[in-house]
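If you want the building blocks of each chain, they are given just below.
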Amino acid sequence: MNKNTFEAIGRALREYDRFAILSHVRPDGDALGSTLALTLSLKELGKDVRAWNEEGMLEKYGFLAGAELLTLPPNAPEEFDVAIALDTATQNRLGKATEAVRQARLWINIDHHPSNPGYGDLVYVDPIAPATGQILFELITTEKLPMTPAVAENLYAAISTDTGSFQYPNTTARTFEIAADLIRAGVNVGRLSQLLYESYPKRRVELLRLLLGTMQFGCDNKLAWFSLSQEMAKSVGALPEDNEGLIDHLRAIRGVVVAIFFEELADGKVRVSMRSKNEAVDVCAICQSFGGGGHTLAAGARVRGALNEVSQKIVEKACDVTRRNT
Ligand code: AMP
Ligand code: MN
Ligand code: MN
């Protein structure tokens, strides 16, 4: 899927002047950390860079170096030489930010989702990489782009969050070598980990309490799921970003192969989040059959319908696939 080389991408980064860097809707640590890392590195090179996400900078990642650089996209389009999509499986997952960069002459797509179809003019998709941040580390070091402590911190945050703190099976020796290099480049692991994993707002845990009240098991306890209605979220004042990672509590249960989180959205759709603990159960394939995508062990979809209808339909399908493959 790597249609282009770091060299070709590096050349474009040096040659052009005006860049927009985008990432997927409902951003995670990899999307935001990768965006900030590349933004800071290009700014260090003297480039004119805009960093946009449909949700702007999430409060919970507001401590990241350069966080103030990442904003909501403007209403009117601006002119760019290059638009760069990071960590985004399909172009439509860039959301409203796409419109603001529609005049860009060149599109670069850097990602690690196997479901990425390879949109754009320069494409680097490595489905083996555990995080887009890891690909960016390789790009920045291979192409000798600036690596400051601020760039390193954002790359470390991207890799740490997307590997579940270096736990998921796609974490390799190379990932740890990169982490070591990032520490040498200035990352303070204790400080950063505390900000990432031990600074949750109280409402997040209150949300977890409500979610656990809806927890269900099926398929001989190989499936576990819980659901979040808009009313529940409202009752604890939860922001959309508060539920990132809560699904891990289901995955952590012995015997559970597939964990599913259903979230009622305001637009009549349900956001489905799925995790698998067994390579034989490909949750990306399940989510793709509902119009979504992702990775073998972590995927998602947005499905039209009421919370209970959607959850029933999805649980049935997930149970079917789990039964056939385990
Ligand atoms: P999440 O469950 O939202 O953390 O997402 C898990 C993985 O699936 C991430 O890598 C997402 O990029 C991907 N993903 C989530 N939702 C979708 C979707 N609607 N379409 C394509 N990929 C998705
Ligand atoms: Mn992501
Ligand atoms: Mn990612």
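Structure first, text after, so check above.
Keep in mind it's a predicted model, so treat the numbers as computed, not measured.

Draft legend 1. Expanded view of the site of ligand 1. Around ligand 1 sit 14 residues in total, of which His113, Arg271, Ser273, Arg275 and His295 are the nearest. Surface burial for ligand 1 is 84%, taken as the share of its 480 Å² of free accessible area covered by protein chains. Of all the elements in the fold, those that place two or more residues in the shell around ligand 1 are β10 (269-276), β11 (293-294) and β12 (298-304). Considered class by class, the residues forming the shell around ligand 1 number three nonpolar, seven polar and four charged.

Draft legend 2. Broad picture of the pairing of strand β4 (residues 82-86). Of all five residues in β4, five are buried; the element is thus mostly enclosed. In β4, alternate side chains face the same way, and those of Val82, Ile84 and Leu86 on one face and Ala83 and Ala85 on the other are all buried. Where strand β1 (residues 18-23) and β4 come together, five bridges link them in parallel fashion. Within β4, the position partnered with Ile21 by the bridge is Ile84. The pairing of β4 with strand β5 (residues 106-111) spans five bridges and is classified as parallel. Among the inter-strand pairings, Val82 is bridged to a residue of β5, identified as Leu106.

Draft legend 3. Inspection of helix α5 (residues 149-162) at higher detail. Compared with an ideal rise of 1.5 Å per residue, which puts 14 residues at 20 Å, α5 spans 20 Å between its outermost C-alpha atoms and is within 8% of the ideal. Burial analysis of α5 places twelve of its 14 residues in the buried class, which makes it a mostly covered element. Listing the buried residues of α5 in full gives Val151, Ala152, Glu153, Asn154, Leu155, Tyr156, Ala157, Ala158, Ile159, Ser160, Thr161 and Asp162. Its buried side turned inward, α5 meets α2 (29-44), α4 (132-142), α6 (173-184) and α7 (189-197).

Draft legend 4. Quick look at the state of the cysteines. In the structure shown here, the tally under the stated rule is one disulfide. Disulfide partner of Cys219: Cys319, at an S-S distance of 2.3 Å. In this structure, the disulfide formed by Cys219 and Cys319 twists by about 90 degrees around the S-S bond and is classed as right-handed. With a gap of 100 residues between them, Cys219 in the loop between β7 (216-218) and β8 (223-228) and Cys319 in helix α12 (residues 307-325) connect regions that are remote in the sequence. For the pair Cys219 and Cys319, a shared accessibility class is recorded, and that class is buried. Free of any disulfide, Cys284 has its nearest neighbouring cysteine sulfur in Cys287, separated by 7.1 Å. When its relative accessible area of 6% is taken as the criterion, Cys284 is described as buried. Its relative accessible area of 2% is what places Cys287 among the buried residues.

Draft legend 5. Structural context of the nonpolar core. Core analysis: the biggest nonpolar cluster contains 50 residues, and Leu13, Ile84, Ile108 and Leu182 have the highest contact counts within it. Of all hydrophobic cores here, the second largest spans 26 residues; its members include Val270, Ile286, Ile314 and Ala318.

Draft legend 6. Just the sheet that holds strand β2 (residues 48-52), in detail. The strand order across the open sheet built from six strands is β3-β2-β1-β4-β5-β6, with neighbouring strands paired in parallel fashion. Two strands lie at the open edges of the sheet, namely β3 (70-71) and β6 (122-125), each paired on one side alone. Each of β4, β5 and β6 is contacted by α4, which is oriented at about 115 degrees to β5, the strand it contacts most.

Draft legend 7. Examining the coordination of the manganese ion (ligand 2) more closely. On the protein side, the manganese ion (ligand 2) has His24 (NE2), Asp28 (OD), Asp28 (OD) and Asp87 (OD) as donor atoms, found 2.1 to 2.7 Å from it. Going along the chain, you hit the donors of the manganese ion (ligand 2) in the pattern H-x3-D-x58-D. Between the manganese ion (ligand 2) and the manganese ion (ligand 3), a separation of 3.6 Å is found, and both are coordinated by Asp87. Of the two residues, His24 sits in the loop between β1 and α2 while Asp87 sits in the loop between β4 and α3 (97-100), which places them 63 residues apart along the sequence. A single burial state applies to His24 and to Asp87, both of which are buried.

How each quantity is defined
Residues numbered from 1 in each chain as written. Chains lettered and ligands numbered in written order. Predicted model: local features only at pLDDT ≥ 70, side-chain atom pairs only at ≥ 80, totals over all residues. Heavy atoms only, no water. Near = heavy atom within 4 Å. Areas by Shrake-Rupley, 256 points an atom, 1.4 Å probe, with all protein chains shown as cover. Helix = DSSP H or I, 4+ residues; strand = E, 2+ residues; numbered from the N terminus. Nonpolar A, V, L, I, M, F, W, Y, C, P; charged D, E, K, R; others polar. Buried < 20%, exposed > 50% of the residue type's maximum accessible area, 1.4 Å probe, protein only. Pairing = 2+ DSSP bridges. Expected span 1.5 Å × (residues − 1). Contact = heavy atoms within 4.5 Å. Disulfide = S-S within 2.5 Å. Core = buried A, V, L, I, M, F, W, Y, C linked by side-chain atoms within 4.5 Å. Axes fitted to C-alpha atoms, helices over the stretch in contact; angles between N-to-C directions. Donors = N, O, S within 2.8 Å, 3.2 Å for Na, K, Ca; no water.

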